[in-house]
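Listed below are the residues making up each chain.
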Amino acid sequence: MGILAYIAVGSNLANPLNQVTTAFNEIGNMPKSKLIKKSSCYSSSPLGYKDQPDFVNAVVSIETELSPHELLLELQMIESSHKRERSFPNAPRTLDLDILLYGDLRIDEPKLTIPHPRMHERTFVIFPLQEINENISVPPFGDIAKITKGLDPENTKRITL
């Protein structure tokens with residue numbers, strides 16, 4: 001039995017909706033991992049660097065036997081297969097995959113921080129996360145329902161397919 005992990009999936013280049021839905025399958029095909037649940041897709045305005053297209057975002061849960069560092073490497077390989085470029089912080093991107101939670105593990109390293117440090121501030125992460133697990137607790141911020149109440153949903157809309 002593996003660890004339950006949550007991964008944020010986002011894109012705003014090269015047919016973002018297709019990038020995100022394709023990534024669902026690729027995440028499900030990672031070694032020692034199984035896709036458990038995927039959220040709806042959401043549209044959101046960019047943060048930081050504003051002169052770029054809106055994003056399509058989602059969250060998936062997986063069961064994995066990969067270590068957090070192995071999982072990060074697998075996710076980065078998927079990003080690379082989508083021609084992800086890291087030209088500057090908050091730049092437009094074909095695919096962005098972030099580990100949000102990995103069981104109840106906490107890691108604070110230069111290349112890996114779990115729980116994701118800004119997830120509690122981001123509607124495009126919290127809304128899809130709540131959709132797939134309405135009872136989850138986000139360390140150290142607590143119950144997701146409490147976190148959601150403090151967020152403005154204005155710039156995050158569920159995409160109806």
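Preceding this section is the structure that the text describes.
In this text, all values refer to a predicted model and were calculated from it rather than measured experimentally.

**As for the layout of surface pockets**
- A volume near 920 Å³ is recorded for the largest pocket.
- Considering the residues around the largest pocket, the lining is formed by 38 residues, among which R86, D96, D98, H116 and R118 are closest to the centre.
- Looking at side-chain class alone, the lining of the largest pocket contains 17 nonpolar, ten polar and eleven charged residues.
- By volume, the second largest pocket amounts to about 170 Å³.
- Of the residues belonging to the lining of the second largest pocket, the class tally is four nonpolar, five polar and five charged.

**Here we look at the environment of L101**
- With respect to the element layout, L101 can be found in strand β5 (residues 96-102).
- Remark: the alpha-carbon pair of L101 and T113, spanning twelve residues in sequence, is separated by 9.4 Å.
- Beyond its immediate chain neighbours, meaning those up to four positions away, L101 contacts L4, A5, Y6, I114, P115, M119, I136, S137 and P139.

**Here we look at the pattern of salt bridges**
- Per the counting criterion, the structure on display carries four salt bridges.
- For R84, the salt bridge is made with E79, and the minimal N-O distance between the two is 3.3 Å.
- Of the residues examined, R84 reaches a relative accessible area of 18% and is grouped as buried.
- On the basis of relative accessibility, which here comes to 3%, the residue E79 falls in the buried class.
- Ionic pairing is found between D96 and R84, a salt bridge with its closest N-O pair at 3.0 Å. Residue D96 is located in strand β5, and its partner R84 is located in the loop between α2 (68-81) and β5; the two are separated by twelve residues in the primary sequence.

**Notes on the nonpolar core**
- Core analysis: the largest hydrophobic core is formed by 25 residues, its most contacted members being I7, V9, I27, L71 and L97.
- Elements supplying a minimum of two residues to this core: β1 (3-11), α1 (16-28), β4 (55-64), α2, β5 and β7 (112-114).
- Aside from chain neighbours lying at most four places away, what touches I27 is I7, V9, V60, I62, L75, I78 and L97.
- Within the second largest apolar cluster, 18 residues are counted, among which are Y6, F127, I136 and I144.

**Notes on the pairing of β5**
- With respect to burial, β5 is a largely interior element, six of its seven residues being buried.
- Looking at chain direction, β1 and β5 are connected through six bridges and run antiparallel. Following the sheet pairing, I7 is matched in β5 by I99.

**Overview of the environment of I114**
- With respect to the helices and strands, I114 occurs in strand β7.
- According to the relative accessible area criterion, I114 is buried, its value standing at 2%.
- Sequence-wise, I114 and I99 are 15 residues apart; in three dimensions their C-alpha atoms are separated by 7.0 Å.
- Not counting residues within four places of it along the chain, the set of residues in contact with I114 comprises P68, I99, L100, L101, Y102, L105, R106 and I107.

Cut-off values and rules
- Residues numbered from 1 in each chain as written.
- Predicted model: local features only at pLDDT ≥ 70, side-chain atom pairs only at ≥ 80, totals over all residues.
- Heavy atoms only, no water.
- 1 Å grid on protein atoms, 1.4 Å probe; cavity = no way out; pocket = protein on both sides within 12 Å on 5 of 7 lines; lining within 4 Å.
- Points joined across faces, edges and corners; volume = space filled by probe spheres on them.
- Nonpolar A, V, L, I, M, F, W, Y, C, P; charged D, E, K, R; others polar.
- Helix = DSSP H or I, 4+ residues; strand = E, 2+ residues; numbered from the N terminus.
- Contact = heavy atoms within 4.5 Å.
- Salt bridge = Lys/Arg side-chain N within 4 Å of Asp/Glu carboxyl O.
- Buried < 20%, exposed > 50% of the residue type's maximum accessible area, 1.4 Å probe, protein only.
- Core = buried A, V, L, I, M, F, W, Y, C linked by side-chain atoms within 4.5 Å.
- Pairing = 2+ DSSP bridges.

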